[in-house]
Amino acid sequence: MGYAAPLETAESISEIAFAFMGSKALFAGLHVDLFSALSEKPLTAEEVAASTGLDVDRATTLLTALTALGLLTRDGSGFSNSPAAESFLVKGKKYDFGDYLRFQIDQQMYPFMTQLNAAMTGSLDELQVASYAEWFSDPEQARLYSRSQHAGSLGPGRGLGKKVDLSHARTLLDVGGGTGAFSISLCKIYENLSSTILDFPTVAAVGRDFIAEEGLSDRIRYQPGNALTDPWPQTADAVLMSYLFSGVPGKSLPGLVRQSFATLTPGGRCMVHDFMVDESREGPKLAALWQLQHTAFNPQAKSVTSDYVAGLMEAAGFIDIEVSVMIPGLTMLVHGRRPD
Ligand SMILES: Nc1ncnc2c1ncn2[C@@H]1O[C@H](CSCC[C@H]([NH3+])C(=O)O)[C@@H](O)[C@H]1O
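Counting from 1, residues in each chain are numbered in the order their sequence is written. With pLDDT at 70 or above as the cut-off, local features in this predicted model cover only qualifying residues; side-chain atom pairs require 80 or more to be listed or tallied, and sums for whole chains, interfaces and linings still use all residues. Where side-chain values are given, they derive from all heavy atoms of the structure, hydrogens and water being excluded.

(A) Examining the overall build of the protein chain more closely. Starting at the N terminus, helices and strands are each numbered in turn, a helix being any DSSP run of H or I of at least four residues and a strand any DSSP run of E of at least two. When helices and strands are tallied, the protein chain shows 15 helices and nine strands. Since a compact globule built from 340 residues should have a radius of gyration of about 20 Å, the 22 Å found for the protein chain is in line with a globular shape. By principal-axis analysis of the C-alpha atoms, the protein chain measures approximately 70 × 50 × 40 Å. Relative accessibility under 20% of the residue-type maximum defines a buried residue, over 50% an exposed one, and the middle range a partly exposed one, all with a 1.4 Å probe and only protein chains included. The buried share of the protein chain, reckoned over its 340 residues, is 50%. Whether two residues are in contact is decided by their heavy atoms: any pair within 4.5 Å suffices. Pairs at least 24 apart in sequence give 68% of the contacts found in the protein chain among residues at least 6 apart. Looking at the protein chain as shown, the accessible area adds up to about 16700 Å², and 56% of this sits on carbon and sulfur atoms. His is not counted, nor are the chain ends; Lys and Arg add positive charge and Asp and Glu add negative charge. Charged groups are reduced to one reference atom each: NZ for lysine, CZ for arginine, CG for aspartic acid, CD for glutamic acid. Here the protein chain contributes 26 positive and 38 negative side-chain charges, whose respective centroids are spaced 5 Å apart. Here the globule rule reads 2.2 Å times residues to the power 0.38, and the radius of gyration is calculated from C-alpha atoms. Each accessible area is a Shrake-Rupley estimate made with a 1.4 Å probe; only the visible protein chains count as cover when residues are assessed.

Right, dumping it as structure tokens:
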């Protein structure tokens, strides 16, 4: 059974074709902090215009679009947040992920999609970004991306710590570890664990502050560099590569798994966490779309399945290979052990 029913109508194609307009309506609402303005109190278009500083006609157009999308509701002359907008898009609410959508998705991922046609045909020009290394050579881009990513990875980091037993590990190598969300979560669970994060210098500059804020600067350190070309630490009891495979050329993946094996101490664990699609290539939809998104700025990326990653581990000599879902519909974890 596939995930999506085969489409039958022109309308269903239009839904897909025009979906970007809805994305942008949402991002514009976040940009002017509209959902916070509407929190727990219905407002008329004039009141919204006054509180957001928007022209009243433009405010009315945006409010109408967001209501048509179901993000807002209309009662009499007032507009209100839908339950989802109230829970997830109002600043300061417990589950608010508005900043992630504003910064990483609207300001970075959305513009990258305008490169997709050229990335697909292999005709990006030299001004367009074609790798994380190029993208993050700009410290501001590295900062913007890494800060949003950090918040999104703390929870999955805790989930990983429960799925894989690292109680015997003393040292973790977190390759492409970003600002250290996984290392922080794992070091909090495993008191004897220390981590080395291998990531670009611009990312390390942001991450050191996050790690200091957690009081973990004595246990988590950076080795700034490019994981594909610079040396790795000599040994580690565990190696983690989370969202690295989607961001590097597909042809480098077998080498990264072999290098993990060579770095690990006997009995050590290699863990790969990333967007992975089913072997049938029918979905999940968001995993498939995130892989496509990465192709827009990393045209050499490979759309991987968990079987493919498990096969790389087996070929490198790992045993006890296990596959599990991390973020349902989005990411998988594949991990294996270097024999004792
Ligand atoms: N060649 C590379 N060498 C080192 N780091 C890389 C390379 N390519 C991508 N990255 C990093 O991979 C990270 C992907 S974002 C994922 C961050 C973290 N592992 C997490 O799961 O939350 C970014 O921080 C990139 O800078």
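(B) Quick look at the UniProt feature "domain: O-methyltransferase C-terminal" (unreviewed entry) in the protein chain. UniProt positions are given in the numbering used here, feature names are shortened, and annotations may be inferred rather than shown by experiment. Under the local residue numbering, the UniProt record ascribes the feature "domain: O-methyltransferase C-terminal" (unreviewed entry) to residues 137-318. Helix makes up 45% of residues 137-318 and strand 19%, whereas the separation of the span's terminal C-alpha atoms amounts to 34 Å.

(C) View of the environment of Gly161. Mapped onto the elements of the fold, Gly161 is located in helix H10 (residues 139-163). Judged by its relative accessible area of 4%, Gly161 falls in the buried class. Sequence separation between Gly161 and Cys187 is 26 residues; the distance between their C-alpha atoms is 9.1 Å. Residues in contact with Gly161, not counting those within four places in the same chain, are Leu186, Ile189 and Tyr190.

(D) Layout of the pairing of strand S7 (residues 264-275). Within S7, nine of the twelve residues are buried, which leaves it mostly tucked inside the rest of the structure. The sheet contact formed by strand S6 (residues 236-242) and S7 spans six bridges and is parallel. What sits directly across from Ser242, in S7, is His273. Handedness of a crossover is defined as follows: orient the strands so they point away from the viewer, and if the path from the first strand over the helix to the second runs clockwise, the crossover is right-handed. Read as a crossover between parallel neighbours, the route from S6 over helix H13 (residues 253-263) to S7 is right-handed. Here S7 runs beside strand S9 (residues 331-337); their pairing, made up of seven bridges, is antiparallel. Each residue of the ladder has a partner; that of Asp274, found in S9, is Met332. Strand pairing requires that DSSP identify at least two bridges connecting the strands.

(E) Fine view of the nonpolar core. Take the buried Ala, Val, Leu, Ile, Met, Phe, Trp, Tyr and Cys residues and link them wherever side-chain atoms come within 4.5 Å; each set so joined is a nonpolar core. Counting 38 residues, the largest nonpolar core has Phe35 and Trp135 as its most contacted members. Listing elements by their share of this core, those giving two or more residues are helix H2 (19-31), helix H3 (34-37), helix H4 (45-52), helix H5 (56-68), helix H7 (98-113), helix H9 (132-135), H10 and helix H14 (285-297). In this structure, Phe35 is in contact with Leu26, Gly29, Leu30, Leu66, Leu71, Leu72, Asn81, Ala85, Leu89 and Val90, ignoring residues within four places of it in sequence.

(F) Here's a closer look at the site of the ligand. Every one of the 20 residues lining the ligand counts as a neighbour, but Ser153, Gly176, Asp199, Ala227 and Ser242 are closest to it. In protein, a polar contact means a hydrogen-donor-capable atom and an acceptor-capable atom, both N or O and within 3.5 Å, with residues adjacent in sequence counting only if both atoms are side-chain atoms; elsewhere, any N or O pair within 3.5 Å suffices. Note that a nitrogen atom of the ligand is positioned 2.8 Å from one of the side-chain N or O atoms of Asn226. Ser242 has a polar side-chain atom sitting 2.6 Å from an oxygen atom of the ligand. When residues of the shell around the ligand are assigned to their parent elements, the largest contribution, three residues, is made by H10. Residues are sorted three ways: Asp, Glu, Lys and Arg are charged, Ala, Val, Leu, Ile, Met, Phe, Trp, Tyr, Cys and Pro are nonpolar, and all the rest, Gly among them, are polar. Per-class residue counts for the shell around the ligand are eleven nonpolar, eight polar and one charged. Being near a molecule or strand, for a residue, comes down to having at least one heavy atom within 4 Å of it.

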